[in-house]
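Okay, here's what each chain looks like letter by letter:
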Amino acid sequence: MITDGKKKKQFLGLIFLHISGILCIISEFVLWTNEFSIFQLFRLEEITNNLIYLIPLVGGFGILISAVNITIFRRKTYKFWYVLLVIILNLLFYFLLEVFSNQGAYLWKYLGIYMIVSALMFLLFGILFQFSTSAENY
Amino acid sequence: MEDKKNKKPKSNSNKFKKHISDNPLEITEDQFYISLGHDIRRKILKIIGDNGFSSFSAFKKQIQSSTGTIYHHLDVMKELIIQDKKKKYYLTHLGEHAYQILNNNIESIEIVSKKDEKTEFNKEDSLYHYLLFKKLFEYFSTETKKSIIISFGILLTIGILSGINNLQIFLFFIRQVQIGEPLPYYFIIDLFTIFISYFILICTTEILSYFIFNNHNNWEKFLNILSIPYLPILIYLVLYTIFNLIFPTLDPLIFDIILLLFQVWSMILLAKAISTVKIVKFERGLLLAILIDYGTFMIMLILNNPFR
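Residues numbered from 1 in each chain as written. Chains lettered and ligands numbered in written order. Predicted model: local features only at pLDDT ≥ 70, side-chain atom pairs only at ≥ 80, totals over all residues. Heavy atoms only, no water.

Caption draft 1: Spatial organisation of the overall build of chain B. A count of helical and extended segments in chain B gives 14 helices and four strands. For chain B, buried positions account for 45% of its 308 residues. Counting only contacts in chain B whose residues sit at least 6 apart along the sequence, the fraction spanning at least 24 positions is 69%. When the accessible surface of chain B is totalled, it reaches about 17100 Å², and 62% of it is carbon and sulfur. (Helix = DSSP H or I, 4+ residues; strand = E, 2+ residues; numbered from the N terminus. Buried < 20%, exposed > 50% of the residue type's maximum accessible area, 1.4 Å probe, protein only. Contact = heavy atoms within 4.5 Å. Areas by Shrake-Rupley, 256 points an atom, 1.4 Å probe, with all protein chains shown as cover.)

Here it is in structure tokens:
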């Protein structure tokens, strides 16, 4: 049985997951250093392991696709999308750990880090609302 | 404005509850279970429990039953539900307790019945079952003493392998220890870190499940069953050791990606372990695993930040 309270939680989960995905995608194109966004850093050939800098963009799209599949279409394979969300979450953690160990002191001067941190917060609350409603019985 | 409107009745409800607690209701066990003994009554309880309060029109809309029937059931539930001056319905303390019982019980009934269903009718072994170490979970749940020894063996092997590779494991995150220090000292530290992190994992999981699920049953089972989520880490360390010996110049990014996938596998196994021990749905277990993941990430961020 879907009560109004559950509908509200589901709606909040959907909104938070979408905001998180959008913030992740935007963070790819805002400044992370005084000159470059991480998308520009990815395109610089001098940097080794520059694939890491694509994580927010790919993760953002992944979150949006998972959110759509979990909440709107209610596919039967919802557990796969949950696992994908967890993979994206760990990818974002990995990205942040790498970025912090390389240039932790200067990150907080630019917009990019704030966007990705708020995206992580929205993702946490989105997952909390979404998982708690789907765990309940209908 | 809406917030104010919502908050006002809640304070009224507290007054009602205070009034009730001053005059304790006399209710027998039979009466309590009679109150929960009908589908419509359980639906009413869920509607109020999920929303905090509800109106009669909301009951009619969501239950789709006649006015008389709903009034009859509300009358039967008079110990669990109370109505304020604005005709809104709230749960009494007893009602909240019944709502909690209802939520926890239905979930555990569904899980246990699914287990029966699988053993009787669904004996197919899929890749999904192998990845979730289904048989291992069953073995660890039944054979407690033997599984404690196996758990110790798993953790000791992880400790030795992490010591050899100069890696430090904190829950499911792995970090490279700085080279240049006396190696035997770091070997012992890495060996002990895994046992300390295992102890932290047990405590954190139990504390979180107590506060989130209000469930502190079977906590002893965590002592052995929580070593299963460490199996992917063990496999990763074995692969890491072998590949480092055969291909010493391999790109570290490949190891990082493999580690990430194994971490996710560990988290899913942790979710499975929580759902097995606490008899909750897999989603709830995953929720707890994600919270633990966030916490560990914060600690790793502080440890990894060279500018701290």
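Having seen the structure, we can now continue with the description.
Caption draft 2: Region of interest: the packing of helix 12 (residues 231-246) of chain B against helix 13 (residues 252-278) of chain B. Residues and elements named next belong to chain B. For the pair helix 12 and helix 13, the least separation of the axes is 8 Å and the interaxial angle reads 160°. Taken together, the axes of helix 12 and helix 13 lie roughly antiparallel to each other. Between helix 12 and helix 13 the crossing geometry is right-handed. Of helix 13, the residues touching helix 12 (which contributes Pro-232, Ile-233, Ile-235, Tyr-236, Leu-239, Tyr-240, Phe-243 and Asn-244) are Phe-255, Ile-258, Leu-259, Phe-262, Trp-265, Ser-266 and Leu-269. Among the residues forming the contact of helix 12 with helix 13, the class breakdown is 13 nonpolar, two polar and no charged. (Axes fitted to C-alpha atoms, helices over the stretch in contact; angles between N-to-C directions. Parallel < 35°, antiparallel > 145°, perpendicular 65-115°, else oblique. Left-handed = near helix turned anticlockwise from the far one by under 90°. Nonpolar A, V, L, I, M, F, W, Y, C, P; charged D, E, K, R; others polar.)

Caption draft 3: Layout of helix 5 (residues 67-76) of chain B. Residue and element names in this part refer to chain B. For helix 5, every residue scored as buried is listed here: Ile-70, His-73 and Leu-74. Looking straight down helix 5, one finds its buried side chains confined to an arc of 105°; they lie on one side. Summarising the contacts, the buried residues of helix 5 are in contact with helix 3 (39-51), helix 4 (56-63), strand 1 (81-83) and strand 2 (89-91). (Arc of directions from axis to C-beta.)

Caption draft 4: Region of the structure containing the pattern of salt bridges. Residue and element names in this part refer to chain B. Counted by the stated rule, this structure contains three salt bridges over all chains. The salt bridge partner of Lys-43 is Asp-39, with a shortest N-O separation of 3.5 Å. Here Lys-43 and its partner Asp-39 are both found in helix 3, four residues apart, which amounts to about one turn of the helix. You can call Lys-43 partly exposed: its relative accessible area is 24%. (Salt bridge = Lys/Arg side-chain N within 4 Å of Asp/Glu carboxyl O.)

Caption draft 5: Molecular detail of the nonpolar core. A:Trp32, A:Leu92, A:Phe95, A:Leu123, B:Ile158, B:Tyr230 and B:Ile290 are the most contacted members of the largest nonpolar core, which has 95 residues in total. Of the residues forming this core, the biggest block, 15 residues, is contributed by helix 13 of chain B. Among the nonpolar cores identified, the runner-up in size contains 20 residues, and B:Phe32, B:Ile70, B:Leu74 and B:Tyr99 belong to it. (Core = buried A, V, L, I, M, F, W, Y, C linked by side-chain atoms within 4.5 Å.)

Caption draft 6: Inspection of the pairing of strand 3 (residues 167-170) of chain B at higher detail. Residue and element names in this part refer to chain B. On strand 3, burial covers both faces: Leu-167 and Ile-169 on one face and Gln-168 and Phe-170 on the other are all buried. Strand direction decides the pairing type here: strand 3 and strand 4 (residues 173-176), joined by four bridges, are antiparallel. Of the residues in strand 4, the one forming a bridge with Ile-169 is Ile-174. Between strand 3 and strand 4, which pair antiparallel one after the other, the connecting turn spans two residues, and Leu-171 there sits at a positive phi close to 50°. (Pairing = 2+ DSSP bridges.)

Caption draft 7: Structural detail: the packing of aromatic side chains. All names here are of chain B. Under the counting rule described, the total for this entry stands at 24 aromatic pairs over all chains. Summarising the aromatic geometry, the rings of Phe-133 and Trp-265 are spaced 5.6 Å apart at their centres and angled 20° between planes, so their arrangement reads as stacked. On the criterion of sequence distance, the pair formed by Phe-133 in the loop between helix 7 (127-131) and helix 8 (134-142) and Trp-265 in helix 13 is long-range, its members being 132 residues apart. Each member of the aromatic cluster is reached from another via a ring pair, and the members are Phe-133, Tyr-236, Tyr-240, Phe-255, Phe-262 and Trp-265. (Phe/Tyr/Trp six-rings, centres within 6.5 Å; stacked < 30°, edge-to-face > 60°.)

Caption draft 8: Structural view of the side chain of B:Thr276. Residue and element names in this part refer to chain B. Along the chain, Thr-276 falls in helix 13. Look at Thr-276 and you get buried, because its relative accessible area is 18%. Thr-276 has contacts with Phe-137, Ser-141 and Ile-225, leaving out every residue within four places of it along the chain.

Caption draft 9: View of the side chain of B:His73. All names here are of chain B. By secondary structure assignment, the location of His-73 is in helix 5. Residue His-73 is classed as buried on the basis of its relative accessible area of 5%. Non-local contacts of His-73, meaning those with residues more than four positions away in its chain, are made with His-38, Ile-40, Arg-41 and Ile-44.

Caption draft 10: View of the environment of B:Thr241. Residues and elements named next belong to chain B. By the secondary structure assignment, Thr-241 is in helix 12. In this structure Thr-241 comes out as buried when scored by relative accessible area, which is 17%. Every residue in contact with Thr-241, bar those within four places of it in the chain, is listed here: Leu-161 and Asn-165. A polar contact is formed between the side chain of Thr-241 and the side chain of Asn-165, at a distance of 3.0 Å. (Polar contact = N/O pair within 3.5 Å; in protein donor to acceptor, adjacent residues only side chain to side chain.)

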